[in-house]
Amino acid sequence: MFNINIYNKILKEIADFGKKTEIVAVSKNHPKTSVETAISYGVRIFGENRVQEAKAKFTDLKESYKNIELHLTGPLQTNKVKEAIRLFDVFHTLDREKLAREFVKNGELHSKKFFIQVNTGREKNKSGIFIEDLNEFVNYCLNDLSLNIIGLMCIPPVNDKPKEHFSILSDEAKKNNLSKLSMGMSSDYIEAIELNATYIRIGTSLFGKRL
């Protein structure tokens, strides 16, 4: 069940740092009732990892609560793009040219926002653009495809200090004239707030262990 005390604690920490970071309440693998509880407390920004799960939970809720902002925080297959565009407002995991082209092919995108996922740790088992390819990919998405790229996203390697990767992401965003950062989860959000994260993606701390 959604923990409003933890949510308020994080809001206070953001305020204490004097930042404007927003919380994405990641509700993946948690029931619709938990989302409804969060909504009753005034939460309006949610994250989901899978299109079908999000569709089951949020189709009706977005009709009832017009100010809900739904973020896709997990990887997206190209065959799910058309469905995802109908449902999500912000995409955090744009990680390859094929996916970028699929977005352009499949819908009206003027209101959609995109983060490019950066593989700051060069991990072979993780998605994301390598830093040496980032500038070219940003320019391709902005200039060739006219996608609304607003910032960069990363997930630090498990055994590395997250702050180092958040610093890299922040530097790369500045180099590419992007103002927003999606970084920080339940275990490392404090470091992300300190380094001016736009969004922190919080799941376990707010909703408990995944079902």
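As the structure is a prediction and not an experimental result, all values here were calculated from the model. (Residues numbered from 1 in each chain as written. Predicted model: local features only at pLDDT ≥ 70, side-chain atom pairs only at ≥ 80, totals over all residues. Heavy atoms only, no water.)

Here the focus is the environment of Ile190. Position of Ile190 among the secondary structure elements: in helix 8 (residues 189–194). Taking relative accessible area as the criterion, Ile190 reaches 28% and is therefore assigned partly exposed. Spatially, the C-alpha atom of Ile190 lies 31 Å from that of Glu136, the residues being 54 residues apart in sequence. When residues no more than four places from it in sequence are discounted, the contact partners of Ile190 are Glu13 and Phe17. (Helix = DSSP H or I, 4+ residues; strand = E, 2+ residues; numbered from the N terminus. Buried < 20%, exposed > 50% of the residue type's maximum accessible area, 1.4 Å probe, protein only. Contact = heavy atoms within 4.5 Å.)

Attention now moves to helix 5 (residues 97–105). Within helix 5, the full set of buried residues consists of Leu99, Ala100, Glu102 and Phe103. Around the axis of helix 5, the buried residues are gathered within 160 degrees of arc, so they sit on the same side. More than 90 degrees from the buried face of helix 5, the exposed residues found are Lys98 and Lys105. Next to the buried residues of helix 5 lie helix 4 (81–87), strand 4 (90–94), strand 5 (113–117) and helix 6 (131–144). (Arc of directions from axis to C-beta.)

Time to look at the pattern of salt bridges. Counted by the stated rule, this structure contains 16 salt bridges. With a shortest N-O distance of 2.8 Å, Lys57 and Glu48 are connected by a salt bridge. Across the pair, exposure class does not vary: Lys57 and Glu48 are buried alike. One salt bridge in this structure joins Glu123 and Lys126, with 2.7 Å as the shortest N-O distance. Classification of Lys126 by relative accessible area gives partly exposed; the value is 22%. (Salt bridge = Lys/Arg side-chain N within 4 Å of Asp/Glu carboxyl O.)

Core analysis: the biggest nonpolar cluster contains 60 residues, and Phe46, Leu94, Phe103, Leu147 and Ile200 have the highest contact counts within it. Ranked by the residues each element gives to this core, the list is headed by helix 6, at 5 residues. The next biggest cluster of nonpolar side chains, apart from the first, holds 8 residues, and it includes Val24, Ile45, Val90 and Ile150. (Core = buried A, V, L, I, M, F, W, Y, C linked by side-chain atoms within 4.5 Å.)

Examined against the element boundaries, Asn159 turns out to sit in the loop between strand 6 (149–153) and helix 7 (162–175). Judged by relative accessible area, which is 76%, Asn159 ranks as exposed. Between the C-alpha atom of Asn159 and that of Glu63, which follows or precedes it by 96 residues, the distance is 41 Å.

On their own, these measurements won't tell you what the molecule is for.
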